[in-house]
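# Geometric and topological summary
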Amino acid sequence: MIGDGINRTEGPRKVAGQVPYSAERRDAGDPLHGFVRGAAIGSGRITEIDTTAAEAAPGVRLVLTHRNAPPQGDLADLGGLHDAKPELVDDRIVRYGQPVALVVADSFEQARAAAMLIEVSYDREPADFDFFAHAGGGEVQDVSAVGDFEQAFAEAPVSIDATYTTPYHFGHPMEPNAAIADWRDGHLTVYLTAQMLNQLLDGLALTLMLDKADITIDSAYVGGGFGSKIGLHCEAVLASLATRILERPVKLAMTRRQMFSLVGHRAASQSRIRLGATADGRLTALGHDAHVQTTIRDDWREPVANVARALYAAPNRLTRRSHVELDVGAPEPVRGPGELPGLMVFESAVDELAEKLGMDPVELRLRNDTQIDPEKNRPLNGRRLADCLREGAERFGWDDRPIVPASRRDGDWLIGYGVASSIRSHWQMATDVRVRIDPAGLVTVQSDMTDLGTGTYTIMAQVAASALNVPVEQVQVELGRTDHPKGWGSGGSWGSGNMSVATDRACSAVREKVFAAAGKGFNDIFAEVRRHFPNGVEAIGHTIGANDDPNYKAYSQFTYGASFAEVGVDAYTGEVRLRRMLGVFSFGRVLNAKTARSQLLGGMIWGVSAALHEGGDVDPRYGHWVNGDLAEYLIPTHADIPAIDAIVLDDFDEHANHMGVKGIGELGAGGTGGSVANAVYNATGVRVRDFPITLGRLLPGLIARG
Amino acid sequence: MKAFSYDRAGSVNEALQLAARPDAKFIAGGTNLLDLMKLGIEAPVHLVDINRLGLDTIEPTAEGGLRIGALVRNADLAADMRIRRDYAVLARALVSGASGQLRNKATTAGNLLQRTRCPYFYNTDMPCNKRRPGSGCAAIGGLSHNLGVLGISDACIATHPSDMAVALRVLDATVEIAGARGAARTVPMADFHRLPGETPHLETALREGEMIVAVTLPPPMGGTQIYRKVRERASYAFATVSVALVAREGRIERVAFGGLAPKPWRVDANGSAGEVADAALAGARPTPDNGYKLDLARRTLAAALADAVRLEAGR
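On a predicted model such as this, the values are computed, not experimentally measured, just so you know.

### Some remarks on empty space enclosed by the protein
All names here are of chain B.
- As enumerated under the stated definition, the model contains nine cavities of 30 Å³ or more in all.
- The calculated volume of the largest cavity comes to roughly 120 Å³.
- Lys-130, Thr-159, His-160, Glu-203 and Pro-262 are, among the 16 residues lining the largest cavity, the residues nearest its centre.
- For the lining of the largest cavity, the class distribution of residues is seven nonpolar, five polar and four charged.

Written out as structure tokens, the structure reads:
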């Protein structure tokens, strides 16, 4: 049962259009429609705002600006994702696109038309929008040092010292951020597309200055998150403010273009990576200095340099981070925070070292493998990086790789192979799950967990069905409400671990109650429930947080993978096309082979995207997102992704938890981008250290033909 | 979106009359106009739907060419056997553009009239001489990696995004235009799109109150016809550089570039790919972001010629 690749339980209803996403919910009746007017400047003050025409426009019910917005909780100093996020507070503009007004009207079109009628005058102030003009500098934080890195690096027989950059990234799930807020009888219900409900509830209550008990967030179905629905954003806040004023449900759905400025982004980064090794490829010095964007108000710092801390052995190590505060809006977690950009650049550097050593890049990685966390000196439980590399090399046909860069052709295509390792922190957060059995023959699993479309409903049903020995069809999973038992939602790749442990424990507790009542063993739990619990029986199961779990003191918990890519680069034009790709992953036990594979494949595609396509561009003069739509912010199309494959080394990690389960959400992306970049180098002999690898960056090194 | 009137015209004359009102616009496939209206870039007061005018057939001409109705959908044009056989560069250009869904809606005339994809044109918070004449050009001095290097001006560095137009230019097509009171005229593709100069908001030779009724292709010119489009991903992106090429016996006969200029950039030159590219790129004014397009244009022409040689060898 557990591990079976069953179809998603809600799949048929989804493809039949019977599952409403937040903006489609009509639980509160037909809503009014909001539209945000965003600031046209990146920094300064509103000098005048004239809403007369908007207020007189057809269908308009409300125009909110900083002049009439209700009082809200104070913006926290260095606020986190779930602190108060008041909107329309004053005349100050701190980022391009920041809401300066909310219009609520009978229809979306009326609200948008009226929002365009608002006349806003600004006083621009000097600002700093240009990350790439800041080469490092700033206070050094999050330092991890072992041994004497500088001396070891200086003395290393073979070394590389290379600087890489990665651009801004955006989450951009299929379902845009949206909320319907409904204030009635002194209670606020927000139908919100979200990842972490209980934490958003904290932020929303602080912002609205309401008791948490007076707010329910409902996020039953979510069309993808990628981090964009972890933090509290204006759609929830402004829709809530408006429904309280109008006493009608108010919907606020962001347009795709608005998502660039109303939701946070992954910070751009610059990394200097220094590696020193012996002539036979043993790392003696491992250094990663990362520099990232943030703002003066936010505490999120993309942990780009952290990926190297447990990846390879080396006696002398130095990883650290600095940041620059810019006026481009808040950085937030986006798919594989730290790991996706960090591994892409670090694994590129490892490839550079392998070439300098004249070593097989797989062999170099194997030679520096470790079973002990090289910075915390404790076991790396379930570390099967070497197995992933070996299995992948075998299946991919790595032995057939072009050893000399730019040495293999297929017609006009230059062919290259690349490899990269993946590592991802496995976290565990305090989580409660309720399991209930009704005499009618129904098991209900309840939690404030969300299903981002990745299969949480399905795997929870599988875990409960296994634990209770009942068919999956008799398990109903109810997720996505803040009045359910609380956990930490979807994010950090911790959902399946947190949830399967708590669900299994809740099932055990229910079984014990039934066993106690029956006084003997039983085969049919429903029969015993009918006999002894006419009103049903239930129990709460609990997962303890990592900080309280001895496993997290005794072990360093990670998941692992290896990615192999083959690219073709057109010898004439420099166009890069992925030809095939294989990921091999190890993360303990698989809960559902089908949903796990889908999630891994999706992650791998994001890795391709980061290497070749994605990057948000800020205009250094105006501070706006220049390529702020999905025509210009490129992600892979179907034609960019050939047949790719993900293999899982199914296992049971007894040191993770009693279910043997670790998270997989962000592992698929991991180092995938690095394998693609290394393949481009192998194909062309051109090393592009600024991502994504665009034509403009690749062509100067590519010898012209014809 | 501003409120607008909507009328469905039953004939060309009725359409022209309805469009004679101030701030009227024709709508056919709507694949570009509707997006621009949602963003507040276009704000017509009157929309005149011309989808029921007919104008959707491809007919032989007395001269031995083809007359393509203005409302022939891009998908239908690309699939037409005569186009595929005798004007392969056009069929290839069409299928390299947009997506299947968009090509099913988009029309021949609408494709010619689509607006630039310059990201500064698309952002109404930015100055743009196309959107608001005289307001300035934010793209100049901005991020311009996919903007123009040829035919641009100090007022505008936008490119024309059409693939189809590049093929029509290399084929020496003409645009048939109907005007008020039955006046008709033809404009060669060479003159249909204007260079920006100081008036980048004036994009074509079409005058107020006129409409395109057809595009005419001259008799087939034969040769080996290639359309090579280069972009940053495999599909669904506008050209970084494209080449429409007619070659014969391994030599370049005609060539036009897309992605470089405010109009399809035809060059009449003979010689090797390098020599023809030199002629085409003479006078280029790249920005610090888009200088790579010059190298890429040379490479793409060489690639297209190599494709042609291969095709000819295979015959």
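This is not the end of the story, as more comes after the structure.
### With respect to the pairing of strand β21 (residues 475–478) of chain A
Residues and elements named next belong to chain A.
- Because side chains alternate across β21, one face comprises the buried residues Val-475 and Val-477, and the other comprises Gln-476 and Glu-478, none of which is buried.
- Across four bridges, the pairing between strand β20 (residues 442–446) and β21 is parallel. By the bridge assignment for β21, Val-445 is matched with Val-477.
- Taken together, β20, helix α11 (residues 456–468) and β21 constitute a β-α-β crossover, and its handedness is right-handed.

### Observations concerning the packing of helix α5 (residues 197–208) of chain A against helix α6 (residues 234–246) of chain A
All names here are of chain A.
- Interaxial distance between α5 and α6 falls to 11 Å at its minimum, and their mutual angle equals 45 degrees. Considered as vectors, α5 and α6 are oriented oblique to each other. As α5 packs across α6, the resulting crossing turns out to be right-handed. Every residue of α6 that contacts α5 at Leu-204, Thr-207 and Leu-208 is listed here: Ala-236, Val-237, Ser-240, Leu-241 and Arg-244.

### Overview of the environment of Gly-338 of chain A
All names here are of chain A.
- By secondary structure assignment, the location of Gly-338 is in the loop between β15 (316–325) and α8 (339–357).
- Given a relative accessible area of 0%, Gly-338 falls into the buried group.
- Spatially, the C-alpha atoms of Gly-338 and Thr-503 are 30 Å apart, while their sequence positions differ by 165 residues.

### Brief notes about the packing of α8 of chain A against helix α16 (residues 672–684) of chain A
All names here are of chain A.
- The contact between α8 and α16 brings their axes to 8 Å, and the two run at 40 degrees. α16 is crossed by α8, and the crossing has right-handed handedness. The segment α8 lies against α16, with Met-344, Glu-347, Ser-348, Asp-351 and Glu-355 engaging Gly-673, Gly-674, Ala-677, Asn-678 and Tyr-681.
- When the residues that make up the contact of α8 with α16 are grouped by side-chain class, the tally is three nonpolar, four polar and three charged.

### Describing the environment of Phe-526 of chain A
Residue and element names in this part refer to chain A.
- Following the sequence through the fold, Phe-526 ends up in helix α13 (residues 525–532).
- For Phe-526, a relative accessible area of 6% corresponds to the buried category.
- Here the alpha-carbon distance between Phe-526 and Ala-656, two residues 130 residues apart in the chain, equals 32 Å.
- Those residues in contact with Phe-526, other than ones at most four positions away along the chain, are Ile-437, Asp-438, Gly-441, Leu-442, Val-443, Val-470 and Gln-474.

### Details of the side chain of Asn-368 of chain A
Residue and element names in this part refer to chain A.
- Positionally, Asn-368 belongs in the loop between α9 (361–367) and β16 (380–381).
- A distance of 2.8 Å separates a polar atom in the side chain of Asn-368 from the backbone oxygen of Gly-281.
- Once residues lying within four places of it in the same chain are set aside, the contact partners of Asn-368 are Gly-281, Arg-282, Leu-283, Tyr-312 and Ala-313.

### Some thoughts on the interface of chain A and chain B
- Every contact between the two is made by 42 residues of chain A and, on the other side, 37 residues of chain B.
- Surface buried jointly by chain A and chain B totals about 3200 Å² across both partners, of which 55% is contributed by carbon and sulfur atoms.
- On the chain A side of the interface with chain B, the three residues burying the most area are Arg-257, Tyr-572 and Leu-695 of chain A, jointly 16% of the side's total.
- Between the two partners, chain A and chain B, sit three salt bridges.
- Across the pair Arg-228 of chain B and Glu-575 of chain A runs a salt bridge, and its minimum N-O distance is 3.1 Å.
- Where chain A packs against chain B, one counts 16 residue pairs in polar contact (both at pLDDT 80 or more).
- Of all the secondary-structure elements, those providing two or more residues to the side of chain A that touches chain B are α3 (108–117) and α17 (695–698) of chain A.
- Among the elements that line the side of chain A that touches chain B, the one with the most residues is α3 of chain A, at four residues.
- Tallied by class, residues from the side of chain A that touches chain B come to 22 nonpolar, seven polar and 13 charged.

Quick notes on the rules
Residues numbered from 1 in each chain as written. Chains lettered and ligands numbered in written order. Predicted model: local features only at pLDDT ≥ 70, side-chain atom pairs only at ≥ 80, totals over all residues. Heavy atoms only, no water. 1 Å grid on protein atoms, 1.4 Å probe; cavity = no way out; pocket = protein on both sides within 12 Å on 5 of 7 lines; lining within 4 Å. Points joined across faces, edges and corners; volume = space filled by probe spheres on them. Nonpolar A, V, L, I, M, F, W, Y, C, P; charged D, E, K, R; others polar. Buried < 20%, exposed > 50% of the residue type's maximum accessible area, 1.4 Å probe, protein only. Helix = DSSP H or I, 4+ residues; strand = E, 2+ residues; numbered from the N terminus. Pairing = 2+ DSSP bridges. Right-handed = clockwise from strand over helix to strand, strands pointing away. Axes fitted to C-alpha atoms, helices over the stretch in contact; angles between N-to-C directions. Parallel < 35°, antiparallel > 145°, perpendicular 65-115°, else oblique. Left-handed = near helix turned anticlockwise from the far one by under 90°. Contact = heavy atoms within 4.5 Å. Polar contact = N/O pair within 3.5 Å; in protein donor to acceptor, adjacent residues only side chain to side chain. Buried area = accessible area lost by both parts, 1.4 Å probe. Salt bridge = Lys/Arg side-chain N within 4 Å of Asp/Glu carboxyl O.

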